[in-house]
Amino acid sequence: MASTNQQGVVGELAVAHLDAAYNLARWLLGNEADATDAVQDAFVRALRSAHTYAGDNAKAWWLAIVRNCCFSRLEVRRRDLRLVAIDQVAAEHGEDAAQRLLPRTEVDDVEYRAAAAQESAKLHHQLRRLPAEFREVLVLREIEELSYREIAEALGIPIGTVMSRLARGREKLAQALATNGDRHGART
Amino acid sequence: MSCEMSHYQLPLYFDGELDRAGSREFEQHLGNCHECQQALARLEELRGRLRDDSFRFHAPNALRQKLQDELASARTPQKQRLDTRAWMALAASWLIAVLVGGGASALWHRHQGSERQQASGQIARDLFASHWRALAAVSPVDVVSTDRHTVKPWFAGKVAESPIVDDFAAQGFPLVGGRIDYVGDTRVPTLVYRHGKHLIDVFVFPQPLPASLPATTRQQGYEIRTTRLGDGYAAVVTDMDEVELGKFMHLLGGVR
């Protein structure tokens, strides 16, 4: 049973790391509406399981819950057939078909257009296209600046796996950029 | 330092996961290795571009406000004015989230099935990786101790079963401390001992290790030995020589 006090502690740490949580959800789910909903779900779950928080790394504990809520949503989406394996679609039907399947909101399009105006647009695009297991370690390490141990904790995987996924993720991203947007080059 | 070593060390250095001595050692290598210099420049370029503001999505203000409101009402229970229907809806959505979450994680795990085909090989890789990471880290332990009475309580609440903690300082193997590592997707308490300059990791498991994991596994001068530890099981990872390791295994065998 979570006491009000524990809920307060957990709720505060969740709000303190809200941008990190939202950024991870946004990269995993691809649009603002789903990311917002996932973070809200995660917040409710965090408060309810406040008593299980043993005082370890707060950020990692909270991000682990956010991530689970994101994957729950992805699974629902997959069942709705709004999203099948995006990489598979890209491989079989081409990049445009894959992009059409990615959920979009108005805000998303504005963001995307804004990003497209910049040199970083291509990298944005490649990171979105990366399989989730590589995308999440890259987001947590390069953008959120988590340590290997924090990432391992948030993802529930060994540090060795964090390191190998990070290495492969960086490699894939670098390759994708080097091949100048050629999608087949990005997939080897 | 061979360049193969540096390909392992380079990301650790770049990500700030090496201690000062390790960083200095790597920088000495870096000064003479063109290949590593180029690889480092590529990593820096990628990071520079990923740290651009456009890559970090900020939580919408409405979301922040909503969570703060929820937090405020959670703190003052008398203010919780959710009617029964709202509670039911919340409970139902939560239940669905849990059920779906289970499904999603099952799918995720199935997705990773290829990584798990060689269960024992994976365990050995995880054990070696944890040990090497600990060697390269600022500190190989999360709780520092030469006194088992501070190490054992530290594990309580963090892992399902706290391990039996013995100090073998008198026999030349002082207890350094403990940490928690992941092996597969399980949190495993790890006891850390030192012998001279050698670090010894003892990963403690309540269940037997897979029979396919041999009693001895060697890789790049490091060795995994499995043994019984009291009522549980342990995997020992170190680069000590055979004679010293034999003595240590004998000590562990005597733990009750």
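Calculation criteria
- Residues numbered from 1 in each chain as written.
- Chains lettered and ligands numbered in written order.
- Predicted model: local features only at pLDDT ≥ 70, side-chain atom pairs only at ≥ 80, totals over all residues.
- Helix = DSSP H or I, 4+ residues; strand = E, 2+ residues; numbered from the N terminus.
- Buried ≥ 20, exposed ≤ 12 C-beta atoms within 10 Å, placed from the backbone.
- Contact = placed C-beta atoms within 7 Å.
- Axes fitted to C-alpha atoms, helices over the stretch in contact; angles between N-to-C directions.
- Parallel < 35°, antiparallel > 145°, perpendicular 65-115°, else oblique.
- Left-handed = near helix turned anticlockwise from the far one by under 90°.
- Nonpolar A, V, L, I, M, F, W, Y, C, P; charged D, E, K, R; others polar.
- Pairing = 2+ DSSP bridges.
- Core = buried A, V, L, I, M, F, W, Y, C linked by C-beta atoms within 7 Å.

### Quick notes on the overall build of chain B
Helix and strand counts for chain B stand at nine helices and seven strands. Within chain B, buried positions represent 27% of all 256 residues. If you take every contact in chain B between residues at least 6 apart in sequence, the share linking residues at least 24 apart comes to 55%.

### Digging into the packing of helix H1 (residues 4-16) of chain A against helix H4 (residues 61-75) of chain B
Packing of H1(A) against H4(B) brings their axes to within 9 Å, and their N-to-C directions diverge by 165°. Between H1(A) and H4(B), the interaxial angle falls into the category roughly antiparallel. Crossing of H1(A) over H4(B) shows left-handed handedness. Across the interface between the two elements, A:Thr4, A:Gln7, A:Gly8, A:Gly11 and A:Val15 of H1(A) pack against B:Leu67, B:Gln68, B:Leu71, B:Ala74 and B:Arg75 of H4(B). A breakdown of the residues in the contact of H1(A) with H4(B) according to their chemical character gives four nonpolar, five polar and one charged.

### Considerations on the interface of chain A and chain B
Counting residues at the interface gives 50 residues for chain A, matched by 49 residues for chain B. Every element with two or more residues in the side of chain A that touches chain B is listed here: H1, helix H2 (18-29), helix H3 (32-48), helix H4 (58-79), helix H8 (121-129), helix H9 (132-143), helix H10 (148-155) and helix H11 (159-178) of chain A. The element best represented in the side of chain A that touches chain B is H3(A), accounting for nine residues. Across the side of chain A that touches chain B, the residue classes tally to 25 nonpolar, 15 polar and 10 charged.

### Quick notes on unusual backbone geometry
Residue and element names in this part refer to chain A. The phi dihedral of Glu145 is positive, around 60°, even though this residue is not glycine. Structurally, Glu145 can be placed in the loop between H9 and H10. Exposure remark for Glu145: the 13 C-beta atoms within 10 Å place this residue in the partly exposed category.

### Re the sheet that holds strand E4 (residues 198-205) of chain B
Where strands meet in a sheet, backbone hydrogen bonds hold them as pairs that are either parallel or antiparallel. Residues and elements named next belong to chain B. Reading across the sheet, the seven strands line up as E1-E2-E3-E4-E7-E6-E5 and stay open at both edges, with antiparallel pairing between neighbours. The two strands at the open ends of the sheet, each matched to only one other strand, are strand E1 (143-144) and strand E5 (216-219). In this structure, strand E2 (residues 175-183) lies alongside strand E3 (residues 186-195), joined through eight bridges in antiparallel fashion. For Leu175, the partnering residue across the bridge sits in E3 and is Tyr193.

### Notes on the pairing of E5(B)
Residues and elements named next belong to chain B. Alignment of E5 against strand E6 (residues 222-229), held across four bridges, turns out to be antiparallel. Bridging across to E6, Arg218 finds its partner in Glu223. Counted along the chain from E5 to the antiparallel partner E6, the turn is two residues long, and its residue Gln220 has a positive phi close to 50°.

### Observations regarding the nonpolar core
In this structure, A:Ala21, A:Leu24, A:Ala25, A:Val39 and A:Val66 are the most contacted members of the largest nonpolar core, which totals 88 residues. No other element matches the 10 residues that H4(A) contributes to this core. Once you skip the residues sitting within four places of it in the chain, A:Val66 turns out to touch A:Ala21, A:Leu24, A:Ala25, A:Ala38, A:Val39 and A:Ala42. Residues B:Leu10, B:Leu18, B:Phe26 and B:Cys36 belong to the second largest nonpolar core, which totals six residues.

### Points about the environment of B:Ala136
Residue and element names in this part refer to chain B. In this fold, Ala136 is placed in helix H7 (residues 119-136). By the C-beta count within 10 Å, which is 19 here, Ala136 ends up partly exposed. The sequence separation of Ala136 and Gln9 amounts to 127 residues, and the corresponding C-alpha distance is 8.7 Å. Excluding residues that lie within four positions of it along the chain, Ala136 makes contacts with Leu12, Glu17, Leu18 and Gly22.

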